[in-house]
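Structural overview
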Amino acid sequence: MRYTWFWVVLLGLVTASALLSVGHAQDLSGKRGKMRAMGDYPREGCGRLFDRYIAAPGHSAYATTATGMDSGAVCGIALNRKSTKQAEKDAVKACKDGNGRFKVEQLGGCYVGASK
């Protein structure tokens, strides 16, 4: 009987701790996340996609291509995925799909420019 209160209090603390740790996922909107060798902020069409990436509240990624001096970039995004890894994979796929539609001089393939 003497230890009953101890176990009740301990069980209450464990339950409260578990509930607090589950919580809600962090809202990532407005965050740039991990930036990777992108240089300047993207402009024009890719800039609009980058703005959508920044505004996304969930795990998202932005992929782009390196370009020649007088050409544009091809880019792709994946928004609000279950994980950053899945977002990166989907963003690179979207970028590669764009390579088939747009004809620009490129210095390399698609790579993840930013992810969160």
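Residues numbered from 1 in each chain as written. Predicted model: local features only at pLDDT ≥ 70, side-chain atom pairs only at ≥ 80, totals over all residues. Heavy atoms only, no water.

**Side note on the state of the cysteines**
Linking two cysteines covalently through their sulfur atoms gives a disulfide. Within the structure shown, the criterion is met by two disulfides. Sulfur-sulfur distance for the disulfide between C46 and C75 comes to 2.1 Å. Across the S-S bond of C46 and C75 the torsion is about -110°, and the bridge reads as left-handed. A residue pair is termed long-range when its members are at least 10 positions apart, and C46 in helix α2 (residues 44-55) and C75 in strand β3 (residues 75-81) qualify at 29 residues. Look at C46 and you get buried, because its relative accessible area is 9%. Looking at C75, the relative accessible area reads 13%, which means it is buried. One disulfide bridge connects C95 with C110, the sulfur atoms lying 2.2 Å from each other. (Disulfide = S-S within 2.5 Å. Helix = DSSP H or I, 4+ residues; strand = E, 2+ residues; numbered from the N terminus. Buried < 20%, exposed > 50% of the residue type's maximum accessible area, 1.4 Å probe, protein only.)

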